[in-house]
Amino acid sequence: MAQSGEGGQPLSGAPRTRSVEVARNSLLYGLEMVTTFIASFITSIAIARVIGPEKLGYYNYVYFLTSVAGMLGTMGVPLTARKFMADYIGRGEEGKAKSVYESCWRVQFRISMVLTVVCFAAAYFFSERSYFVSTFLLIAGMPLRILAFLPAMANMSWDDMQGNLPGSFANLGVYTTLVVLSLVMGWGVDGIACGILIGYILELLLKSRRARGWMKDIEAEPLPDEMKQRMFRFSGQGVLLTLLSLTVFDRSDLVFLRMFNADPRNLTFFTTATSMVERLLLAPQIFTQGLGISILNDFGKGGTKSYAYIASALRYALLFGTPVLLCGAALSGPMIRILYGRQYLAVIPLFAVAAVLAIPKASRVPAQTLLQAHDRQDLLVYWGLVCAALNIILDLVLIPRHAAMGAVIANGVTQAVSCVGLWVICVRVLKVEAEASMAVRASVIGGLISVPVWLLSGIDPPWLALLLGAASAVVVGLPLIRWARLIRQQDLDRFGSVLRKLPEPLRSAGMRLLAWEAAGA
(Lines give C-alpha, C1' and ligand atoms only; values in the text may rest on other atoms or scores of the structure.)
Protein backbone atom coordinates (compact mmCIF):
# COMPACT_ATOMS: atom_id res chain seq x y z
CA MET A 1 0.00 0.00 0.00
CA ALA A 2 1.38 3.43 -0.87
CA GLN A 3 1.68 5.73 2.08
CA SER A 4 0.07 9.12 1.93
CA GLY A 5 0.35 12.29 3.91
CA GLU A 6 -2.52 14.34 5.23
CA GLY A 7 -3.13 15.82 1.82
CA GLY A 8 -3.14 12.44 0.18
CA GLN A 9 0.34 12.80 -1.35
CA PRO A 10 2.95 10.10 -0.93
CA LEU A 11 5.40 10.63 1.86
CA SER A 12 8.21 9.60 -0.42
CA GLY A 13 8.62 9.83 -4.15
CA ALA A 14 10.00 6.32 -4.55
CA PRO A 15 8.90 3.05 -3.00
CA ARG A 16 10.89 1.93 0.00
CA THR A 17 12.16 -1.56 0.63
CA ARG A 18 11.43 -3.13 4.01
CA SER A 19 15.08 -2.76 5.00
CA VAL A 20 14.92 0.96 4.29
CA GLU A 21 11.65 1.22 6.22
CA VAL A 22 13.28 -0.51 9.19
CA ALA A 23 16.13 1.99 9.08
CA ARG A 24 13.70 4.89 8.69
CA ASN A 25 11.60 3.71 11.64
CA SER A 26 14.74 3.36 13.74
CA LEU A 27 15.96 6.81 12.70
CA LEU A 28 12.66 8.55 13.50
CA TYR A 29 12.17 6.65 16.75
CA GLY A 30 15.79 7.39 17.64
CA LEU A 31 15.31 11.10 16.92
CA GLU A 32 12.32 11.20 19.27
CA MET A 33 14.06 9.18 21.96
CA VAL A 34 17.36 11.08 21.78
CA THR A 35 15.54 14.40 22.06
CA THR A 36 13.53 13.06 25.00
CA PHE A 37 16.71 11.74 26.58
CA ILE A 38 18.56 15.05 26.32
CA ALA A 39 15.67 17.10 27.68
CA SER A 40 14.78 14.73 30.52
CA PHE A 41 18.43 14.13 31.39
CA ILE A 42 19.24 17.81 31.76
CA THR A 43 16.04 18.68 33.61
CA SER A 44 16.24 15.71 35.99
CA ILE A 45 19.77 16.69 37.03
CA ALA A 46 18.72 20.31 37.57
CA ILE A 47 15.68 19.24 39.59
CA ALA A 48 17.71 16.83 41.71
CA ARG A 49 20.40 19.39 42.48
CA VAL A 50 18.03 22.24 43.34
CA ILE A 51 15.30 20.37 45.22
CA GLY A 52 17.51 17.81 46.93
CA PRO A 53 17.05 14.08 47.60
CA GLU A 54 14.74 14.40 50.63
CA LYS A 55 12.08 16.69 49.10
CA LEU A 56 12.29 14.93 45.76
CA GLY A 57 11.54 11.53 47.32
CA TYR A 58 7.81 12.06 47.93
CA TYR A 59 7.29 13.83 44.59
CA ASN A 60 8.89 10.90 42.76
CA TYR A 61 6.65 8.54 44.71
CA VAL A 62 3.48 10.44 43.71
CA TYR A 63 4.67 10.68 40.12
CA PHE A 64 5.22 6.92 40.08
CA LEU A 65 1.73 6.22 41.44
CA THR A 66 0.05 8.46 38.84
CA SER A 67 2.21 6.83 36.15
CA VAL A 68 1.00 3.42 37.33
CA ALA A 69 -2.61 4.48 36.96
CA GLY A 70 -1.83 6.00 33.57
CA MET A 71 -0.09 2.86 32.36
CA LEU A 72 -3.23 0.85 33.05
CA GLY A 73 -4.93 2.93 30.36
CA THR A 74 -2.06 3.28 27.91
CA MET A 75 -1.20 -0.33 27.17
CA GLY A 76 -4.26 -2.54 26.68
CA VAL A 77 -6.42 -0.55 24.25
CA PRO A 78 -3.69 1.35 22.32
CA LEU A 79 -1.68 -1.82 21.71
CA THR A 80 -4.87 -3.48 20.52
CA ALA A 81 -5.36 -0.61 18.08
CA ARG A 82 -1.78 -0.87 16.83
CA LYS A 83 -1.93 -4.61 16.21
CA PHE A 84 -5.33 -4.83 14.53
CA MET A 85 -4.97 -1.59 12.57
CA ALA A 86 -1.64 -2.88 11.24
CA ASP A 87 -3.33 -6.17 10.29
CA TYR A 88 -6.09 -4.41 8.31
CA ILE A 89 -3.76 -1.83 6.75
CA GLY A 90 -1.47 -4.63 5.63
CA ARG A 91 -4.42 -6.27 3.86
CA GLY A 92 -5.53 -3.00 2.28
CA GLU A 93 -8.72 -2.73 4.39
CA GLU A 94 -8.28 0.84 5.60
CA GLY A 95 -12.00 1.27 6.36
CA LYS A 96 -11.88 -1.45 8.97
CA ALA A 97 -8.65 -0.01 10.34
CA LYS A 98 -10.49 3.28 10.88
CA SER A 99 -13.30 1.44 12.67
CA VAL A 100 -10.74 -0.19 14.97
CA TYR A 101 -9.37 3.26 15.84
CA GLU A 102 -12.77 4.80 16.53
CA SER A 103 -13.88 1.86 18.65
CA CYS A 104 -10.67 1.95 20.67
CA TRP A 105 -10.95 5.73 21.13
CA ARG A 106 -14.39 5.41 22.75
CA VAL A 107 -13.17 2.73 25.13
CA GLN A 108 -9.99 4.66 25.90
CA PHE A 109 -11.94 7.81 26.79
CA ARG A 110 -14.13 5.94 29.29
CA ILE A 111 -11.12 4.26 30.90
CA SER A 112 -9.32 7.58 31.29
CA MET A 113 -12.31 9.22 32.96
CA VAL A 114 -12.82 6.39 35.45
CA LEU A 115 -9.15 6.28 36.43
CA THR A 116 -9.03 10.06 36.83
CA VAL A 117 -12.02 10.18 39.16
CA VAL A 118 -10.60 7.36 41.30
CA CYS A 119 -7.19 9.04 41.53
CA PHE A 120 -8.67 12.45 42.41
CA ALA A 121 -10.70 10.86 45.21
CA ALA A 122 -7.68 9.00 46.56
CA ALA A 123 -5.52 12.13 46.44
CA TYR A 124 -8.12 14.20 48.28
CA PHE A 125 -8.14 11.84 51.24
CA PHE A 126 -4.57 10.51 51.36
CA SER A 127 -2.10 12.98 49.81
CA GLU A 128 0.22 15.09 51.93
CA ARG A 129 -1.09 18.67 52.05
CA SER A 130 2.29 20.21 51.26
CA TYR A 131 2.19 18.39 47.89
CA PHE A 132 -1.54 18.88 47.30
CA VAL A 133 -1.27 21.15 44.21
CA SER A 134 1.43 19.14 42.46
CA THR A 135 -0.44 15.90 43.13
CA PHE A 136 -3.65 17.22 41.54
CA LEU A 137 -1.77 18.64 38.54
CA LEU A 138 -0.11 15.27 37.95
CA ILE A 139 -3.48 13.53 38.13
CA ALA A 140 -5.02 16.06 35.72
CA GLY A 141 -2.32 15.22 33.18
CA MET A 142 -2.91 11.49 33.48
CA PRO A 143 -6.02 11.19 31.22
CA LEU A 144 -4.29 13.32 28.56
CA ARG A 145 -1.35 10.93 28.57
CA ILE A 146 -3.71 7.97 28.33
CA LEU A 147 -5.55 9.44 25.35
CA ALA A 148 -2.38 10.61 23.55
CA PHE A 149 -1.03 7.08 23.49
CA LEU A 150 -3.80 5.90 21.16
CA PRO A 151 -3.14 8.21 18.16
CA ALA A 152 0.58 7.55 18.64
CA MET A 153 -0.02 3.83 18.17
CA ALA A 154 -2.30 4.53 15.22
CA ASN A 155 0.42 6.54 13.50
CA MET A 156 2.82 3.65 14.02
CA SER A 157 0.30 1.31 12.40
CA TRP A 158 0.37 3.54 9.30
CA ASP A 159 4.20 3.36 9.33
CA ASP A 160 4.13 7.08 10.10
CA MET A 161 6.67 7.47 12.89
CA GLN A 162 7.25 11.03 11.69
CA GLY A 163 3.68 11.95 12.60
CA ASN A 164 4.43 11.50 16.31
CA LEU A 165 7.40 13.87 16.37
CA PRO A 166 5.62 17.28 16.54
CA GLY A 167 3.52 16.25 19.54
CA SER A 168 6.50 14.76 21.38
CA PHE A 169 8.70 17.77 20.68
CA ALA A 170 5.99 20.22 21.78
CA ASN A 171 5.55 18.30 25.03
CA LEU A 172 9.28 18.33 25.70
CA GLY A 173 9.65 21.99 24.83
CA VAL A 174 6.90 23.14 27.19
CA TYR A 175 8.02 20.82 30.00
CA THR A 176 11.67 21.90 29.75
CA THR A 177 10.73 25.58 29.69
CA LEU A 178 8.52 25.33 32.76
CA VAL A 179 11.09 23.26 34.66
CA VAL A 180 13.67 25.99 34.11
CA LEU A 181 11.22 28.72 35.12
CA SER A 182 10.14 26.73 38.20
CA LEU A 183 13.70 26.32 39.41
CA VAL A 184 14.63 29.94 38.70
CA MET A 185 11.41 31.49 40.05
CA GLY A 186 11.10 29.17 43.04
CA TRP A 187 7.84 27.52 41.96
CA GLY A 188 9.17 24.11 43.00
CA VAL A 189 7.39 20.87 42.20
CA ASP A 190 4.11 22.70 41.51
CA GLY A 191 5.61 24.42 38.48
CA ILE A 192 7.18 21.16 37.30
CA ALA A 193 3.82 19.37 37.55
CA CYS A 194 2.18 22.21 35.62
CA GLY A 195 4.74 21.72 32.84
CA ILE A 196 3.81 18.04 32.65
CA LEU A 197 0.11 18.91 32.35
CA ILE A 198 0.49 21.54 29.60
CA GLY A 199 2.92 19.31 27.69
CA TYR A 200 0.42 16.45 27.59
CA ILE A 201 -2.30 18.80 26.31
CA LEU A 202 -0.17 19.79 23.31
CA GLU A 203 0.96 16.21 22.66
CA LEU A 204 -2.63 14.93 22.58
CA LEU A 205 -3.80 17.67 20.20
CA LEU A 206 -0.94 17.27 17.71
CA LYS A 207 -0.83 13.46 17.61
CA SER A 208 -4.62 13.22 17.30
CA ARG A 209 -4.60 15.75 14.45
CA ARG A 210 -2.05 13.65 12.56
CA ALA A 211 -3.91 10.39 13.07
CA ARG A 212 -7.24 11.93 12.03
CA GLY A 213 -5.52 13.37 8.95
CA TRP A 214 -4.69 9.86 7.75
CA MET A 215 -8.29 8.72 8.07
CA LYS A 216 -10.37 11.76 7.12
CA ASP A 217 -11.11 10.55 3.56
CA ILE A 218 -11.61 6.89 4.54
CA GLU A 219 -15.08 5.46 4.99
CA ALA A 220 -15.36 3.37 8.16
CA GLU A 221 -16.43 -0.23 7.61
CA PRO A 222 -18.18 -2.40 10.20
CA LEU A 223 -16.05 -4.93 12.04
CA PRO A 224 -17.00 -8.63 12.11
CA ASP A 225 -18.25 -9.91 15.46
CA GLU A 226 -15.41 -12.41 15.58
CA MET A 227 -12.90 -9.56 15.26
CA LYS A 228 -14.58 -7.60 18.05
CA GLN A 229 -14.25 -10.63 20.31
CA ARG A 230 -10.56 -11.00 19.42
CA MET A 231 -9.96 -7.31 20.13
CA PHE A 232 -11.75 -7.55 23.48
CA ARG A 233 -9.70 -10.58 24.49
CA PHE A 234 -6.45 -8.98 23.30
CA SER A 235 -7.10 -5.70 25.14
CA GLY A 236 -8.10 -7.55 28.33
CA GLN A 237 -4.88 -9.52 28.19
CA GLY A 238 -3.07 -6.25 27.55
CA VAL A 239 -4.46 -4.64 30.70
CA LEU A 240 -3.52 -7.68 32.77
CA LEU A 241 -0.11 -7.71 31.13
CA THR A 242 0.29 -4.04 32.02
CA LEU A 243 -0.43 -4.77 35.68
CA LEU A 244 2.23 -7.46 35.61
CA SER A 245 4.65 -5.22 33.74
CA LEU A 246 4.14 -2.50 36.35
CA THR A 247 5.08 -5.01 39.02
CA VAL A 248 8.13 -6.33 37.19
CA PHE A 249 9.46 -3.44 35.09
CA ASP A 250 8.16 -0.14 36.42
CA ARG A 251 9.61 0.37 39.89
CA SER A 252 6.82 -1.16 41.93
CA ASP A 253 9.65 -1.72 44.39
CA LEU A 254 9.08 1.92 45.41
CA VAL A 255 5.93 0.85 47.25
CA PHE A 256 7.80 -1.67 49.38
CA LEU A 257 10.72 0.71 49.81
CA ARG A 258 8.41 3.38 51.23
CA MET A 259 6.66 0.78 53.35
CA PHE A 260 9.80 -0.69 54.95
CA ASN A 261 12.12 2.33 55.06
CA ALA A 262 11.25 5.71 56.53
CA ASP A 263 14.08 7.66 54.88
CA PRO A 264 12.63 9.42 51.77
CA ARG A 265 16.13 9.74 50.31
CA ASN A 266 16.11 6.03 49.52
CA LEU A 267 13.19 6.66 47.15
CA THR A 268 15.22 9.32 45.36
CA PHE A 269 18.40 7.23 45.22
CA PHE A 270 16.51 4.24 43.81
CA THR A 271 14.65 6.24 41.17
CA THR A 272 17.80 8.14 40.17
CA ALA A 273 19.76 4.91 39.63
CA THR A 274 17.03 3.14 37.69
CA SER A 275 16.25 6.24 35.63
CA MET A 276 19.88 6.52 34.54
CA VAL A 277 19.85 2.87 33.49
CA GLU A 278 16.71 3.47 31.42
CA ARG A 279 18.55 6.25 29.61
CA LEU A 280 21.47 3.93 28.86
CA LEU A 281 18.98 1.45 27.39
CA LEU A 282 18.07 4.08 24.82
CA ALA A 283 20.91 2.90 22.54
CA PRO A 284 19.57 -0.64 21.92
CA GLN A 285 15.93 0.51 22.07
CA ILE A 286 16.38 2.82 19.08
CA PHE A 287 17.05 -0.22 16.91
CA THR A 288 14.83 -2.81 18.56
CA GLN A 289 11.78 -0.51 18.63
CA GLY A 290 12.18 0.30 14.94
CA LEU A 291 12.37 -3.41 14.15
CA GLY A 292 9.40 -4.07 16.44
CA ILE A 293 7.22 -1.77 14.35
CA SER A 294 8.35 -3.57 11.20
CA ILE A 295 7.60 -6.95 12.77
CA LEU A 296 3.96 -5.99 13.42
CA ASN A 297 3.48 -4.41 10.01
CA ASP A 298 5.14 -7.29 8.16
CA PHE A 299 3.05 -9.82 10.10
CA GLY A 300 -0.13 -7.96 9.19
CA LYS A 301 0.82 -8.10 5.51
CA GLY A 302 1.36 -11.85 5.69
CA GLY A 303 5.10 -11.39 5.25
CA THR A 304 7.80 -13.90 6.04
CA LYS A 305 10.52 -11.57 7.34
CA SER A 306 9.35 -11.33 10.95
CA TYR A 307 11.76 -14.00 12.18
CA ALA A 308 14.66 -12.40 10.32
CA TYR A 309 13.80 -9.12 12.01
CA ILE A 310 13.76 -10.87 15.38
CA ALA A 311 17.26 -12.26 14.87
CA SER A 312 18.52 -8.81 13.89
CA ALA A 313 16.78 -7.20 16.86
CA LEU A 314 18.47 -9.59 19.31
CA ARG A 315 21.83 -8.91 17.68
CA TYR A 316 21.34 -5.13 17.91
CA ALA A 317 20.13 -5.36 21.51
CA LEU A 318 23.23 -7.20 22.70
CA LEU A 319 25.64 -5.40 20.37
CA PHE A 320 24.61 -1.95 21.59
CA GLY A 321 23.21 -2.78 25.02
CA THR A 322 25.94 -4.89 26.62
CA PRO A 323 28.92 -2.53 26.21
CA VAL A 324 26.87 0.59 26.95
CA LEU A 325 25.51 -0.83 30.21
CA LEU A 326 28.81 -2.35 31.36
CA CYS A 327 30.73 0.84 30.54
CA GLY A 328 28.04 2.83 32.35
CA ALA A 329 28.50 0.63 35.40
CA ALA A 330 32.27 1.11 35.24
CA LEU A 331 31.92 4.89 35.05
CA SER A 332 29.17 5.15 37.66
CA GLY A 333 31.43 6.97 40.13
CA PRO A 334 32.64 9.74 37.80
CA MET A 335 29.17 10.16 36.27
CA ILE A 336 27.34 10.63 39.58
CA ARG A 337 30.01 12.97 40.98
CA ILE A 338 29.92 15.21 37.91
CA LEU A 339 26.18 15.21 37.27
CA TYR A 340 24.56 15.10 40.72
CA GLY A 341 27.18 16.10 43.28
CA ARG A 342 28.19 14.82 46.70
CA GLN A 343 24.67 14.56 48.12
CA TYR A 344 23.97 11.72 45.64
CA LEU A 345 27.10 9.60 46.22
CA ALA A 346 24.90 6.81 47.59
CA VAL A 347 23.55 6.33 44.04
CA ILE A 348 26.93 5.11 42.71
CA PRO A 349 26.74 1.42 43.81
CA LEU A 350 22.99 1.33 43.07
CA PHE A 351 23.53 2.52 39.51
CA ALA A 352 26.44 0.12 38.89
CA VAL A 353 24.45 -2.93 40.04
CA ALA A 354 21.29 -1.85 38.19
CA ALA A 355 23.22 -1.36 34.92
CA VAL A 356 24.80 -4.83 35.00
CA LEU A 357 21.49 -6.53 35.81
CA ALA A 358 19.73 -4.62 32.99
CA ILE A 359 21.69 -6.26 30.15
CA PRO A 360 18.98 -8.86 29.37
CA LYS A 361 16.32 -6.12 29.44
CA ALA A 362 17.81 -4.58 26.29
CA SER A 363 16.37 -7.53 24.34
CA ARG A 364 12.84 -7.53 25.78
CA VAL A 365 10.97 -5.49 23.14
CA PRO A 366 11.41 -7.74 20.06
CA ALA A 367 10.50 -10.93 21.92
CA GLN A 368 7.38 -9.35 23.41
CA THR A 369 6.38 -7.83 20.06
CA LEU A 370 6.63 -11.16 18.26
CA LEU A 371 4.41 -12.88 20.82
CA GLN A 372 1.85 -10.07 20.45
CA ALA A 373 2.00 -10.31 16.66
CA HIS A 374 1.17 -14.03 16.95
CA ASP A 375 -1.71 -13.17 19.30
CA ARG A 376 0.00 -15.09 22.12
CA GLN A 377 -0.30 -12.52 24.86
CA ASP A 378 -1.57 -15.34 27.05
CA LEU A 379 2.01 -16.60 27.29
CA LEU A 380 3.16 -13.13 28.28
CA VAL A 381 0.50 -13.07 31.00
CA TYR A 382 1.39 -16.49 32.41
CA TRP A 383 5.10 -15.74 32.49
CA GLY A 384 4.39 -12.27 33.88
CA LEU A 385 2.52 -13.80 36.83
CA VAL A 386 5.53 -15.94 37.67
CA CYS A 387 7.92 -12.98 37.46
CA ALA A 388 5.60 -10.69 39.46
CA ALA A 389 5.53 -13.26 42.27
CA LEU A 390 9.33 -13.50 42.13
CA ASN A 391 9.67 -9.70 42.33
CA ILE A 392 7.38 -9.43 45.36
CA ILE A 393 9.21 -12.24 47.19
CA LEU A 394 12.59 -10.60 46.52
CA ASP A 395 11.26 -7.21 47.66
CA LEU A 396 9.98 -8.67 50.92
CA VAL A 397 13.26 -10.45 51.57
CA LEU A 398 15.79 -7.82 50.45
CA ILE A 399 14.29 -4.34 51.06
CA PRO A 400 13.85 -4.55 54.88
CA ARG A 401 17.52 -5.44 55.26
CA HIS A 402 19.22 -3.61 52.37
CA ALA A 403 16.84 -0.68 51.64
CA ALA A 404 17.49 0.89 48.21
CA MET A 405 20.13 -1.70 47.23
CA GLY A 406 17.64 -4.45 48.02
CA ALA A 407 15.10 -2.78 45.73
CA VAL A 408 17.68 -2.50 42.94
CA ILE A 409 18.66 -6.16 43.21
CA ALA A 410 15.04 -7.36 43.39
CA ASN A 411 14.06 -5.23 40.39
CA GLY A 412 17.12 -6.13 38.30
CA VAL A 413 17.08 -9.88 38.96
CA THR A 414 13.37 -10.13 38.20
CA GLN A 415 13.73 -8.22 34.93
CA ALA A 416 16.66 -10.37 33.85
CA VAL A 417 14.74 -13.58 34.56
CA SER A 418 11.68 -12.19 32.75
CA CYS A 419 13.57 -11.26 29.57
CA VAL A 420 15.52 -14.51 29.35
CA GLY A 421 12.27 -16.40 29.84
CA LEU A 422 10.57 -14.50 26.99
CA TRP A 423 13.27 -15.61 24.57
CA VAL A 424 13.00 -19.20 25.78
CA ILE A 425 9.25 -19.03 25.08
CA CYS A 426 9.84 -17.61 21.59
CA VAL A 427 12.35 -20.37 20.79
CA ARG A 428 10.26 -23.22 22.23
CA VAL A 429 6.75 -22.16 21.19
CA LEU A 430 7.23 -20.01 18.07
CA LYS A 431 10.31 -21.90 16.87
CA VAL A 432 12.37 -18.74 16.54
CA GLU A 433 16.01 -19.22 15.61
CA ALA A 434 17.67 -16.89 18.09
CA GLU A 435 21.25 -17.50 16.83
CA ALA A 436 22.64 -18.45 20.22
CA SER A 437 26.27 -18.32 19.05
CA MET A 438 25.82 -14.75 17.86
CA ALA A 439 24.20 -13.78 21.17
CA VAL A 440 27.12 -15.23 23.10
CA ARG A 441 29.64 -13.46 20.85
CA ALA A 442 27.88 -10.11 21.28
CA SER A 443 27.76 -10.50 25.06
CA VAL A 444 31.43 -11.52 25.32
CA ILE A 445 32.56 -8.66 23.06
CA GLY A 446 30.50 -6.22 25.13
CA GLY A 447 32.28 -7.43 28.24
CA LEU A 448 35.72 -7.09 26.64
CA ILE A 449 34.97 -3.54 25.49
CA SER A 450 34.26 -2.53 29.09
CA VAL A 451 37.56 -3.89 30.51
CA PRO A 452 39.73 -0.81 29.79
CA VAL A 453 36.87 1.40 30.97
CA TRP A 454 36.88 -0.31 34.36
CA LEU A 455 40.67 0.16 34.58
CA LEU A 456 40.41 3.88 33.82
CA SER A 457 37.36 4.63 36.00
CA GLY A 458 39.38 5.53 39.10
CA ILE A 459 41.35 8.34 37.48
CA ASP A 460 41.03 11.85 38.93
CA PRO A 461 39.52 14.25 38.08
CA PRO A 462 36.22 12.50 37.23
CA TRP A 463 35.80 14.28 33.89
CA LEU A 464 39.10 12.81 32.70
CA ALA A 465 37.98 9.30 33.68
CA LEU A 466 34.80 9.80 31.63
CA LEU A 467 36.72 11.11 28.62
CA LEU A 468 39.38 8.40 28.63
CA GLY A 469 36.85 5.67 29.39
CA ALA A 470 34.62 6.61 26.46
CA ALA A 471 37.62 6.90 24.12
CA SER A 472 38.99 3.51 25.16
CA ALA A 473 35.60 1.87 24.55
CA VAL A 474 35.55 3.17 20.98
CA VAL A 475 39.20 2.30 20.24
CA VAL A 476 38.87 -1.24 21.63
CA GLY A 477 35.29 -1.83 20.53
CA LEU A 478 35.40 -1.14 16.80
CA PRO A 479 38.03 -3.77 15.89
CA LEU A 480 36.51 -6.29 18.30
CA ILE A 481 33.06 -5.90 16.69
CA ARG A 482 34.60 -6.42 13.24
CA TRP A 483 36.60 -9.43 14.42
CA ALA A 484 33.48 -11.02 15.94
CA ARG A 485 31.51 -10.34 12.72
CA LEU A 486 28.63 -8.69 14.52
CA ILE A 487 27.84 -6.33 11.63
CA ARG A 488 26.23 -8.11 8.69
CA GLN A 489 25.96 -7.27 5.00
CA GLN A 490 22.22 -6.51 5.32
CA ASP A 491 23.11 -3.73 7.75
CA LEU A 492 24.71 -1.86 4.86
CA ASP A 493 21.32 -1.68 3.10
CA ARG A 494 19.41 -1.13 6.33
CA PHE A 495 21.37 1.84 7.60
CA GLY A 496 23.19 3.00 4.52
CA SER A 497 20.03 4.81 3.38
CA VAL A 498 20.00 6.74 6.65
CA LEU A 499 23.70 7.61 6.53
CA ARG A 500 23.32 8.99 3.01
CA LYS A 501 21.06 11.73 4.37
CA LEU A 502 23.79 13.11 6.63
CA PRO A 503 26.12 15.98 5.66
CA GLU A 504 29.02 14.92 3.43
CA PRO A 505 31.82 14.56 6.03
CA LEU A 506 29.61 12.51 8.35
CA ARG A 507 28.08 10.53 5.48
CA SER A 508 31.37 9.43 3.96
CA ALA A 509 32.93 8.62 7.34
CA GLY A 510 29.87 6.65 8.45
CA MET A 511 29.65 4.67 5.21
CA ARG A 512 33.35 3.79 5.33
CA LEU A 513 33.10 2.68 8.94
CA LEU A 514 29.98 0.59 8.29
CA ALA A 515 31.56 -1.02 5.22
CA TRP A 516 34.75 -1.76 7.17
CA GLU A 517 32.80 -3.39 9.99
CA ALA A 518 30.67 -5.43 7.58
CA ALA A 519 33.77 -6.59 5.67
CA GLY A 520 34.59 -8.84 8.58
CA ALA A 521 31.34 -10.80 8.14
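Cut-offs used in this document
- Residues numbered from 1 in each chain as written.
- Predicted model: local features only at pLDDT ≥ 70, side-chain atom pairs only at ≥ 80, totals over all residues.
- Heavy atoms only, no water.
- pLDDT = per-residue confidence, 0-100.
- Helix = DSSP H or I, 4+ residues; strand = E, 2+ residues; numbered from the N terminus.
- Contact = heavy atoms within 4.5 Å.
- Phe/Tyr/Trp six-rings, centres within 6.5 Å; stacked < 30°, edge-to-face > 60°.
- Buried < 20%, exposed > 50% of the residue type's maximum accessible area, 1.4 Å probe, protein only.
- Lys NZ or Arg CZ within 6 Å of the ring centre and 35° of its normal.
- Axes fitted to C-alpha atoms, helices over the stretch in contact; angles between N-to-C directions.
- Parallel < 35°, antiparallel > 145°, perpendicular 65-115°, else oblique.
- Left-handed = near helix turned anticlockwise from the far one by under 90°.
- Salt bridge = Lys/Arg side-chain N within 4 Å of Asp/Glu carboxyl O.
- Patch = residues over 30% accessible without salt bridge, like charges linked within 9 Å, V, L, I, M, F, W, Y side chains within 5 Å.
- Areas by Shrake-Rupley, 256 points an atom, 1.4 Å probe, with all protein chains shown as cover.

Let's talk about the confidence of the model for the protein
Next, step 1: Confidence in the prediction for the protein averages 78 pLDDT; 77% of positions are at 70 or higher.
Next, step 2: Taken element by element, the predicted model of the protein shows its lowest mean pLDDT in helix α2 (residues 53-74) (63) and its highest in helix α14 (residues 347-357) (93).
Next, step 3: Counting contacts from residues 1-15, a segment whose pLDDT is below 50, to residues more than four positions away or on other chains yields 23 contacts.

A few points about the packing of aromatic side chains
In this description, an aromatic ring pair is defined by two values, namely the gap between the centres and the angle between the planes.
Next, step 1: Enumeration according to the criterion identifies four aromatic pairs in this entry.
Next, step 2: Summarising the aromatic geometry, the rings of F256 and F260 are spaced 6.4 Å apart at their centres and angled 20 degrees between planes, so their arrangement reads as stacked. Of this pair, F256 and F260 both sit in helix α9 (residues 253-260), separated by four residues, roughly a single helical turn.
Next, step 3: In this structure F256 comes out as buried when scored by relative accessible area, which is 15%.
Next, step 4: Owing to a relative accessible area of 35%, F260 belongs among the partly exposed residues under this scheme.
Next, step 5: Ring geometry for F269 versus Y344: centroids 6.1 Å apart, planes at 80 degrees, classification edge-to-face. Here F269, found in helix α10 (residues 265-280), pairs with Y344, found in the loop between α13 (332-339) and α14; they are 75 residues apart in sequence, far enough to count as distant. With respect to class, F269 is no different from Y344; both count as buried.
Next, step 6: By way of ring pairs, the aromatic residues F269, Y340 and Y344 are connected into one cluster.
Next, step 7: Its end group placed over the ring of F84, K83 keeps NZ or CZ at 5.5 Å from the ring centre.

Thoughts on the packing of α9 against helix α16 (residues 377-429)
Next, step 1: Where α9 meets α16, the axes come as close as 9 Å, and the angle between the chain directions of the two elements is 65 degrees. By the angle between their axes, α9 is roughly perpendicular relative to α16. Both α9 and α16 take part in a crossing whose hand is right-handed. For the pair α9 and α16, contact is made by D253, F256, L257 and F260 and by N391, I392, D395, L396, I399, P400, A403, A404, A407, A410 and N411, respectively.

Topic: the pattern of salt bridges
Any two side chains of opposite charge can pair, so long as their charged atoms come close to each other.
Next, step 1: Under the counting rule described, the total for this entry stands at five salt bridges.
Next, step 2: Between E278 and K361 there is a salt bridge, and its shortest N-O distance comes to 2.4 Å. One end of the pair, E278, is in helix α10; the other, K361, is in the loop between α14 and α15 (364-373), and 83 residues separate them in sequence.

Some points on a nonpolar patch on the surface
Next, step 1: Taken together, M259, F260, I392, I393, L396 and V397 make up a surface patch of nonpolar side chains, about 560 Å² in accessible area.
Next, step 2: Counting residues per element, the ones that place at least two in the nonpolar patch are α9 and α16.
Next, step 3: Examining the composition of the nonpolar patch, we find that four residues originate from one element, α16, more than from any other.
Next, step 4: When you line up the elements, M259 lands in helix α9.

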